[in-house]
Amino acid sequence: MDLSAMPKAFSDHHSWYLATLASVLDNSELSSTTATSSSTSKLIYSYTHVMKGFAASLSPSELEALKSSPGYLSSFRDLPVKADTTHSPQFLGLNSNAGAWPMSNYGQDVIIGVIDTGIWPESKSFNDDGMPEIPLRWKGECDGGAQFNSSLCNKKLIGARFFNKGLIAKNPNVTKTISNSTRDTDGHGTHTSSTATGNHVEGASFFGYAPGTARGTAPRARVAMYKALWDEGGIVSDIIAAIDQACTDGVDVISISLGLDGVPLYEDPIAIATFAAMEKGIFVSTSSGNRGPFNATLHNGVPWVLTVAAGTLDRHFGGIVTLGNGASVKGSSLYPGNSSSNQTAIVFMGACDNLKELMKIGKKIVLCQDKNGSLSDQLYNVNQANVAAGVFITSITDLEFYIQSPFPAIVLNPKNGETVKDYIKINSQPEAKLEFRKTTLRTKPAPSVTTYSSRGPSPSCPFVLKPDIMAPGALVLASWPPNVPVAVVDSQPLFSNFNLLSGTSMSCPHAAGVAALIKAVHPEWSPAAIRSAMMTTSDIMDNTYGPIKDIARGDIPASPLAMGAGHINPNKAINPGLIYDAKSEEYVNLLCALNFSREQIRTITQSASYNCSTSSLDLNYPSFIAFFNANVSNLDSKTTQEFHRTVTNVGQGKSTYVASVTPMKGVQVSVMPDKLVFKEKNENQGFKLSIEGPRRLTDLVVFGFLSWVDTAGKHVVRSPIVATRISSDLLPHS
């Protein structure tokens, strides 16, 4: 409200707000006394300092009337600020009022099988409060074992099995240390499974960071753990056995946060085992790997699974440096120890590159300045020097792995760092104190592609654009075994029921959870249909309404080789309008076109009843990648690559879609026909997309998007397009 507009008749702003509210109440026949009491009940807060205005509970018509009141400036809906999670379901737009959660009943009765390091069944994330009886179709079991009684399973955790025969066969000595049960002794599996399906747990946090109610993406889905990764290692045969058992048991979705690098499809256990899963209608979500930011580094680039990249969340973890003069500056920190209550001497030590000098400091706070990318060395030196704490000034913005320090440390940007430096310069006895455990939500920009997220093209199958999609993977909060250390402070291990982890291992189960939500609404959809729904409805803009950025490449717009089709949007994916479906025969045609031998193809398909008469690299996929990498001297010579696609109308019966293509530097993209008219639901329509360009592209990678826009305004079905001259030497087939 504009306080200058307050009539002089009012003694204070509070009474003015009450009168303003009374004037806009729906029932205009209320007496003035009743109106005043009603407006008092409508008023939630009257603000004095943080803003000039108030919070009130209003009907839409009352809000519209308020907008015409004298002094009105602006209004916005009161949104929850309590961090839910990981906060990642909230960041994904999931809420109880509308969209994917209520439509799918939170993924109820969809069964997610997780291939991982095991599970901590006592975690509150796996309690079965409010869960109905286990679906009769479930054939799985809860295997007992060392420190794992089969009675630990319930209506939430409905299956637990372990697989280590291959590992033991390869290394018989592991029998001395291996624990024969599904219990998680690492933490990874507990984290990923609770990310996908964890039940509501109030009061979750990592030592006060990321506080709130933890819940998985599909909190009413069931979970079955298949332990195939061990402290002693993991082996292909055990992975295949785990996936095989999951298919037998009757899971609907499989989440696999692991992979092998540098293996062809016919030697990749995930590719082989998941082909059978796909044929059974089981959706498989996989992690793309953590070898970014270099191109062609991803694994699980398998055409019949979802390959998930990792993005950031709109959340910042930090601390506060309060100087002796009362001034304070904010920085980044994930130090899990306690804040300092007393002021401590602080000294500026430049680049902090002289360990001997640092060791003479004693119990003071050391301020270091990074001018040449030496932050990692500075953190190491200050830790070794055994000082009271460290404050670090750097222009580096990608701080995810720097702020998890074993000693009290806060990282400042250059502007805030100068404030501290200036204070030290002009004070003979400068002091400071550090506060930790500060969490800020709705930070911008977000999401961005993380540096470590592996990039496409897929070395094992470059003709299908990978990764497929991006999901939250940076510092995700999820459940953790209480006996596995999460940090070390003062040489002492710290323990917690929740932990913050980063990687595509964390983004993969987010996508598995979203697949469960879609499966609950559309149980008849194929894995390809579910994947298409996720990809074509994903977001390509961040929360600043600009293109999603790539942190590793100086925050330029992220290429689909980094983020896939975009950032996953569960609420839109429930109702995509059109889907690109694919059957197993089409994947076989692709394998034939990759020039695999009959034996190699059969290794994957488990069947000899196929023929390669219709081999084609042109899979009916919701993305496009074209290689313009010929070794030619005449750069002006042109070539055209064509892609044929079929889309199925899963929206309204009668609908019309018009094609829209973003311009791409150096190539021309055309679509025929550029209008698709559907007369009924489940009708198919085909189109051809052509990319004309030089035989050798000037730029390494250019990209754009094809959007089929519903003329009724209900759907935009978007697919990424990549043209690249990445060398054929990286690729198995040219």
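For clarity, every value in this text was computed on a predicted model and none was experimentally measured.

Peer 1: It is not clear to me how helix H11 (residues 375-385) should be interpreted in this structure. Could you clarify?
Peer 2: Count 3.6 residues to each turn of an α-helix, and residues three or four apart come out pointing the same way. Among the residues of H11, those classed as buried are Leu 375, Gln 378, Leu 379, Asn 381, Val 382 and Ala 385. Taken down its axis, H11 places every buried residue within 165° of arc, on the same side. Residues of H11 that are exposed and angled more than 90 degrees away from the buried face: Asp 377 and Tyr 380. Contacts made by the buried residues of H11 are with helix H10 (355-358), strand E16 (365-369) and strand E17 (389-393). Count one or two residues on from H11 and you reach Asn 386, which has phi positive near 60°.

Peer 1: So what exactly am I meant to see when it comes to the confidence of the model for the chain here?
Peer 2: Should pLDDT be low for a region, the predicted coordinates there are not to be read in detail. Within the chain, residue pLDDT values average 90, and 94% of them lie at 70 or more. In this model residues 78-87 is a low-confidence stretch, pLDDT under 50, and it forms 31 contacts with partners more than four residues away in sequence or in other chains.

Peer 1: Got a minute to help me understand the packing of helix H9 (residues 269-279) against helix H18 (residues 598-605) in this structure?
Peer 2: Packed helix pairs are specified by the crossing angle of their axes together with the interaxial distance, meaning the distance between the axes. Where H9 meets H18, the axes come as close as 7 Å, and the angle between the chain directions of the two elements is 55°. The angle between H9 and H18 falls in the class oblique. Here Ala 271, Ile 272, Phe 275 and Glu 279 of H9 come into contact with H18, specifically with Thr 603, Ile 604 and Thr 605. Looking at the contact of H9 with H18 residue by residue, the classes come out as four nonpolar, two polar and one charged.

Peer 1: How do you make sense of the pattern of salt bridges when you look at a structure like this?
Peer 2: Opposite charge on two side chains allows them to pair when their charged atoms are near. Under the definition given, this model contains 19 salt bridges. Here Glu 122 makes a salt bridge to Arg 183, at a shortest N to O gap of 2.7 Å. Here the residue Glu 122 occupies a position in the loop between strand E3 (111-116) and strand E4 (157-162), and Arg 183 occupies one in the loop between helix H6 (165-170) and helix H7 (188-197), the gap between them amounting to 61 residues. Judged by relative accessible area, Glu 122 falls into the partly exposed class, the value being 41%. Residue Arg 183 is classed as buried on the basis of its relative accessible area, which comes to 7%. A salt bridge links Glu 133 to Lys 155; the shortest N-O distance between them is 3.0 Å. Here Lys 155 lies in the loop between E3 and E4 and Glu 133 lies in the loop between E3 and E4, a separation of 22 residues in the sequence. Overall, the relative accessible area of 57% leaves Glu 133 in the exposed class. A relative accessible area of 26% places Lys 155 in the partly exposed class. In this structure, a network of salt bridges that share partners links the residues Asp 143, Arg 161 and Asp 249.

Peer 1: Before we go on, may I ask you to explain the side chain of Asn 164 in this structure?
Peer 2: Relative to the helices and strands, Asn 164 resides in the loop between E4 and H6. Exposure remark for Asn 164: the relative accessible area of 5% places this residue in the buried category. Reaching out from Asn 164, the side chain makes a polar contact with the side chain of Asn 180 at a distance of 2.8 Å. Beyond its immediate stretch of four places on either side in the chain, Asn 164 contacts Ile 178, Asn 180, Trp 230 and Asp 238.

Peer 1: Just checking my understanding: could you explain the environment of Ser 460 for this structure?
Peer 2: As for its position among the elements, Ser 460 is in the loop between strand E20 (448-449) and strand E21 (469-472). Accessibility expressed as a relative area gives 13% for Ser 460, which makes it buried. Distance in space between the C-alpha atoms of Ser 460 and Ala 388 is 50 Å, their sequence separation being 72 residues.

Peer 1: Which parts of the structure should I look at to understand the sheet that holds strand E33 (residues 675-678)?
Peer 2: Pairing between the strands of a sheet comes from backbone hydrogen bonds, and it takes one of two forms, parallel or antiparallel. Pairing is mixed in the open sheet, where five strands are placed in the order E29-E36-E35-E31-E33. Here the strands that pair on one side only, and so sit at the sheet edges, are strand E29 (624-627) and E33. Direction aside, the axes of adjacent strands within the sheet are offset by 20° on average. The pairing of strand E35 (residues 701-710) with strand E36 (residues 716-724) spans nine bridges and is classified as antiparallel. Bridge pairing in E36 places Leu 706 opposite Ser 719.

Peer 1: Just to check I follow, could you spell out the packing of aromatic side chains for this structure?
Peer 2: Aromatic ring pairs are described here by two measures, namely the spacing of the ring centres and the angle between the planes. Counted under the stated rule, the structure contains 19 aromatic pairs. The interplanar angle of 85° and the centroid separation of 5.0 Å between the aromatic rings of Phe 206 and Phe 207 together place this pair among those described as edge-to-face. Judged by relative accessible area, which is 5%, Phe 206 ranks as buried. Note on Tyr 266 and Phe 596: the rings are 5.0 Å apart at their centroids and 90° apart in plane angle, and the pair reads as edge-to-face. Here Tyr 266, found in the loop between strand E10 (253-256) and H9, pairs with Phe 596, found in the loop between helix H17 (584-593) and H18; they are 330 residues apart in sequence, far enough to count as distant. On the accessibility criterion, Tyr 266 (23% relative accessible area) is partly exposed. We note Arg 183 situated over the ring of Trp 120; from NZ or CZ to the ring centre the distance is 4.3 Å. Taking NZ or CZ as reference, Arg 598 lies 5.1 Å from the ring centre of Tyr 610, over its face.

Peer 1: What exactly am I supposed to notice about the state of the cysteines here?
Peer 2: Linking two cysteines covalently via their sulfur atoms produces the bond known as a disulfide. Enumeration according to the criterion identifies three disulfides in this entry. Between the sulfur atoms of Cys 352 and its disulfide mate Cys 368 the distance is 2.0 Å. Torsion about the S-S bond of the Cys 352 and Cys 368 cystine: about -90°, corresponding to left-handed handedness. With a gap of 16 residues between them, Cys 352 in the loop between strand E15 (344-348) and H10 and Cys 368 in strand E16 connect regions that are remote in the sequence. Judged by its relative accessible area of 0%, Cys 368 falls in the buried class. A sulfur-sulfur distance of 1.9 Å marks the disulfide that ties Cys 592 to Cys 612. Across the disulfide from Cys 592 to Cys 612, rotation about the S-S bond amounts to roughly -70°, and the bridge is consequently left-handed. Linking Cys 592 in helix H17 with Cys 612 in the loop between H18 and E29, this pair joins segments that are 20 residues apart in sequence. Owing to a relative accessible area of 8%, Cys 592 belongs among the buried residues under this scheme. Assessed through its relative accessible area of 36%, Cys 612 is described here as partly exposed. What links to what in the chain: the bonded cysteines, counted in sequence order, pair as 1-2, 3-4, 5-6.

Procedures and definitions
- Residues numbered from 1 in each chain as written.
- Predicted model: local features only at pLDDT ≥ 70, side-chain atom pairs only at ≥ 80, totals over all residues.
- Heavy atoms only, no water.
- Buried < 20%, exposed > 50% of the residue type's maximum accessible area, 1.4 Å probe, protein only.
- Helix = DSSP H or I, 4+ residues; strand = E, 2+ residues; numbered from the N terminus.
- Arc of directions from axis to C-beta.
- Contact = heavy atoms within 4.5 Å.
- pLDDT = per-residue confidence, 0-100.
- Axes fitted to C-alpha atoms, helices over the stretch in contact; angles between N-to-C directions.
- Parallel < 35°, antiparallel > 145°, perpendicular 65-115°, else oblique.
- Nonpolar A, V, L, I, M, F, W, Y, C, P; charged D, E, K, R; others polar.
- Salt bridge = Lys/Arg side-chain N within 4 Å of Asp/Glu carboxyl O.
- Polar contact = N/O pair within 3.5 Å; in protein donor to acceptor, adjacent residues only side chain to side chain.
- Pairing = 2+ DSSP bridges.
- Phe/Tyr/Trp six-rings, centres within 6.5 Å; stacked < 30°, edge-to-face > 60°.
- Lys NZ or Arg CZ within 6 Å of the ring centre and 35° of its normal.
- Disulfide = S-S within 2.5 Å.

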